[in-house]
Amino acid sequence: MTDYRQKNLDRRKFLAVGASFLGTSAIAQTESTTTEVERDLSEVVVRNISSFRSLDWQPYFDSLRNGAILVDTTSRALHYWSSDESVYKLYPSSVPLTEDMTRRGRTKVVRKVEGPSWRPTPSMKKRNPEWPDYVEPGPDNPLGTHALYLGWKYYRIHGTHDTRKIGRRSSNGCIGLYNEHISELFALATVGTQVLLI
């Protein structure tokens, strides 16, 4: 009987230690040590292509006047820096389905809309004639709860109710964020915030 109790106690200890280790790992993942800061962009780093890494703004922007948004279409991440460098945010994003739909370069936020309506572009309508001509603001709107309109026609950074799209090549050209993230970014960014898509 003593051997049985000892084995049972050892099994419980093993499970308790294992559970505490797993719990510690989960807690550790929420801390800032899980992001990687890269200072030298020429350094080759082997990583999962969808992994997040925090970045410095200097290699991408001359200044942070009006704040800055960097969209990395390879890692599917959006970076935001406030003009005074007090705020840095890193968000997972969706990116365009194909290279043909992907626009890269510099632009800026030209308009902000809370509760945007949506109309498919002519090329979207050609590819998907069954799509509606107009979707009013609300839970079925493909632009989600907020949209930052960019200086390029038809390009936006917006929310999405379809959370499966985040982290994937899934859009028709726009950059998508979770609704809670676009709401936060919407409050931080201003008309005139500089935007770079790489």
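Refer to the structure presented above.
Residues numbered from 1 in each chain as written. Predicted model: local features only at pLDDT ≥ 70, side-chain atom pairs only at ≥ 80, totals over all residues. Heavy atoms only, no water.

Trainee: Which residues make up the overall build of the protein, and what values go with them?
Mentor: Counting secondary structure elements, the protein contains three helices and twelve strands. Buried residues in the protein amount to 37% of all 198 residues. The contacts of the protein with a sequence gap of at least 6 include a subset with a gap of at least 24, amounting to 59%. For the protein, the accessible area works out to roughly 12100 Å², and carbon and sulfur atoms hold 52% of it. (Helix = DSSP H or I, 4+ residues; strand = E, 2+ residues; numbered from the N terminus. Buried < 20%, exposed > 50% of the residue type's maximum accessible area, 1.4 Å probe, protein only. Contact = heavy atoms within 4.5 Å. Areas by Shrake-Rupley, 256 points an atom, 1.4 Å probe, with all protein chains shown as cover.)

Trainee: Just give me the short version of the packing of aromatic side chains, but keep the residues and values in it.
Mentor: Across all of its chains, the model carries four aromatic pairs by this definition. Taking the centre distance of 5.5 Å and the plane angle of 40 degrees together, the rings of tryptophan 81 and tyrosine 88 count as tilted. By relative accessible area, which is 5% here, tryptophan 81 ends up buried. We classify tyrosine 88 as partly exposed; its relative accessible area is 31%. Ring geometry for tryptophan 152 and tyrosine 155: centres 5.7 Å apart, planes at 80 degrees, overall edge-to-face. Each member of the pair, tryptophan 152 together with tyrosine 155, is buried. (Phe/Tyr/Trp six-rings, centres within 6.5 Å; stacked < 30°, edge-to-face > 60°.)

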